Amino acid sequence: MKLLVLSIDAMFSEDVDKLRKYPKIAPFLERALISKNMAPIYPALTYPCHVSIVSGNTPEKHGVFHNLECQPNAKYQDWKWYYTDIHCKTLFDYFREAGWTSAAIFWPVSANAPVDYLVPEIWSYTDDPVNIIKATSGGKAAHIIERHREDVDFTSKFKLDRFAKDCALDIVDEFDPDVMFLHLSLVDSTRHGFGIRHEKVEEAFDQCALWLTEVLEHISDKTSLDELSLVILGDHGHLNCKGSLSVNKLFAGQGWVDVPFPEKRADCRAFCHAAGVSAQIYVNDEAIRPEAESLFEQLKQEGWLTAWYTKAAAAEQGLTGPFDYVLEAGEGYFFVDAVKPEFFTPSIAKDGGAYIGKHGHFPGRGDKPPFVLSHPDLEARETADHSILDIAPTLCKVFGLASEEMEGRSLL
């Protein structure tokens, strides 16, 4: 038995039926458990969500609460690339313990992961990114990474996804692993740039389906497709947003943060670390807490926020971290770290439109991702309104993996 797990970043549940027009993909949907409207976790960001997908746990347990490290004065903030950022075991560990050979290509938070054939998602704006990828890959796929270095261009999600696809093809051809995790980001970047239902999003999704077809064709040279299990999933939705909110402008006006920012967040009396449609607020001066809470409540009353949470209230949503508050933006807004000239700044899409896509929002808002599990022994059925936390325990159940207690529960 072989397993391919494909994450199409920002895939919506409505996208599942579009896969039926592809002859290599459609048969898998005829023998699949299809679960639509899978709630993401809070915040609905790529890295926290992908760790929840493979661990079955919320950030409170797995520890990845943001895409980025909070580095106020950094020109380029580091992402949470490293597997050591995860505080619990994941499917990578469980498959290894079960004796499966594994591959992971551009899966978030996978640098130095316990994977046999690894192409981690990690980059650098100052050093050769190919060398960074190879250095955190474990070495077995280093020659494949090098072979496709011309597509390692972090200004082009199309090239990066093509790089990931080509690495996947070569790993299948050369190593034929038992399980492969593959992450594609083109749909997500297109929703960011053009809004959530632009025609270019359709083109991006079609391209991802064609890349999946290529991978399936290579796997079929090694394994009968009747013996292949296929998972296709998304990680979060998107919301159409018309502009950004600069909370740090308000903090600077109060004298709570200096501009330019200090190097360390601990040197700010307060700092807003944007997480898309939500924001994580650090307060290092206890004396300003009453004023800060009054400010948050005023922003909520004015419609800039839908909610704000204390540390304890955020923990009730499964979100913990070193921050003190979480803000949830009002309809059509997202947050930025930068101190802008105005608190609100309108956004312009790549085609000149008024809306761009953003995520990082509360799990109950907006469109939600799907989970498709095709397995030779499963009867086709559809369900809905579960959580991405349920994916890992479901896969552990189907493939007989011994696993630790998870917050999610098997859909079976």
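As shown above, the structure is provided for reference.
Since the structure is predicted, the reported quantities are computational estimates derived from the model, not experimental observations.

Caption draft 1: Representation of the overall build of the protein chain. Helices and strands together make up the secondary structure of the protein chain, namely 13 helices and 17 strands. The globule rule puts the C-alpha radius of gyration for 412 residues at 22 Å, and the 21 Å found for the protein chain is close to it. Along the three orthogonal principal directions, the C-alpha set of the protein chain runs to about 65 × 45 × 45 Å. Long-range pairs, those at least 24 residues apart, make up 71% of the contacts in the protein chain with a sequence separation of at least 6. Here the protein chain has roughly 15500 Å² of accessible surface; of this, 48% comes from carbon and sulfur atoms. The average position of the 40 basic charges and that of the 62 acidic charges among the side chains of the protein chain differ by 1 Å.

Caption draft 2: Fine view of helix H2 (residues 46-55). Counting buried positions along H2 yields 10 of 10 residues, so the element is predominantly enclosed. Every buried residue belonging to H2 is among Thr46, Tyr47, Pro48, Cys49, His50, Val51, Ser52, Ile53, Val54 and Ser55, and all of these are buried. At its buried positions, H2 is contacted by strand S1 (2-8), helix H3 (59-62), helix H4 (91-97), strand S5 (179-184), strand S6 (228-233) and helix H13 (391-398).

Caption draft 3: Broad picture of the packing of helix H7 (residues 157-175) against helix H9 (residues 199-220). Running from N to C, H7 and H9 cross one another at 10°; their axes reach a closest spacing of 9 Å. Classified by the interaxial angle, the pair formed by H7 and H9 is roughly parallel. Contact residues: H7 offers Phe158, Asp161, Arg162, Lys165, Ala168, Leu169, Val172 and Asp173, while H9 offers Gln207, Cys208, Trp211, Glu214, Val215, His218 and Ile219. Among the residues making up the contact of H7 with H9, the classes are represented as eight nonpolar, two polar and five charged.

Caption draft 4: Summary view of the sheet that holds strand S10 (residues 278-283). In space, the four strands of this open sheet follow the order S9-S10-S12-S11, with antiparallel pairing throughout. The outermost strands of the open sheet, each flanked by one partner alone, are strand S9 (270-275) and strand S11 (305-310). For this sheet, the mean angle separating the axes of adjacent strands, direction not counted, is 20°. Relative to strand S12 (residues 325-329), S10 runs antiparallel, the two sharing four bridges. By the bridge assignment for S12, Ile281 is matched with Tyr325.

Caption draft 5: Quick peek at the nonpolar core. Formed by 97 residues in total, the largest nonpolar core has its most connected members in Leu91, Ile105, Val119 and Phe181. Broken down by element, this core gets its largest block of residues, 10 residues, from H9. Apart from residues lying up to four places away in sequence, Phe181 is in contact with Val5, Val54, Leu91, Phe92, Phe95, Ala103, Ala104, Ile105 and Trp107. Val257, Phe271, Leu299 and Tyr309 belong to the second-largest nonpolar core, a separate cluster that totals 43 residues.

Caption draft 6: Highlighting the environment of Phe334. With respect to the helices, strands and loops of the structure, Phe334 is situated in strand S13 (residues 333-335). The sequence separation of Phe334 and Asp17 amounts to 317 residues, and the corresponding C-alpha distance is 30 Å. In contact with Phe334, other than residues within four places in its own chain, are Cys241, Gly243, Ser244, Leu245, Gly276, Val277, Ala329, Ser347, Ile356 and Lys358.

Caption draft 7: Region of the structure containing empty space enclosed by the protein. For the structure on display, the rule yields three cavities of 30 Å³ or more. Empty space within the largest cavity amounts to approximately 70 Å³. Around the largest cavity, the lining residues are Lys2, Leu3, Leu4, Val172, Asp176, Pro177, Asp178, Val179, Met180, Ile219 and Leu228. Elements that contribute at least two residues to the lining of the largest cavity include exactly S1 and S5. Residue classes in the lining of the largest cavity are distributed as eight nonpolar, no polar and three charged.

Quick notes on the rules
Residues numbered from 1 in each chain as written. Predicted model: local features only at pLDDT ≥ 70, side-chain atom pairs only at ≥ 80, totals over all residues. Heavy atoms only, no water. Helix = DSSP H or I, 4+ residues; strand = E, 2+ residues; numbered from the N terminus. Rg over C-alpha atoms; globule rule 2.2 N^0.38 Å. Contact = heavy atoms within 4.5 Å. Areas by Shrake-Rupley, 256 points an atom, 1.4 Å probe, with all protein chains shown as cover. Lys, Arg positive; Asp, Glu negative; His and termini not counted. Charge placed at Lys NZ, Arg CZ, Asp CG, Glu CD. Buried < 20%, exposed > 50% of the residue type's maximum accessible area, 1.4 Å probe, protein only. Axes fitted to C-alpha atoms, helices over the stretch in contact; angles between N-to-C directions. Parallel < 35°, antiparallel > 145°, perpendicular 65-115°, else oblique. Nonpolar A, V, L, I, M, F, W, Y, C, P; charged D, E, K, R; others polar. Pairing = 2+ DSSP bridges. Core = buried A, V, L, I, M, F, W, Y, C linked by side-chain atoms within 4.5 Å. 1 Å grid on protein atoms, 1.4 Å probe; cavity = no way out; pocket = protein on both sides within 12 Å on 5 of 7 lines; lining within 4 Å. Points joined across faces, edges and corners; volume = space filled by probe spheres on them.

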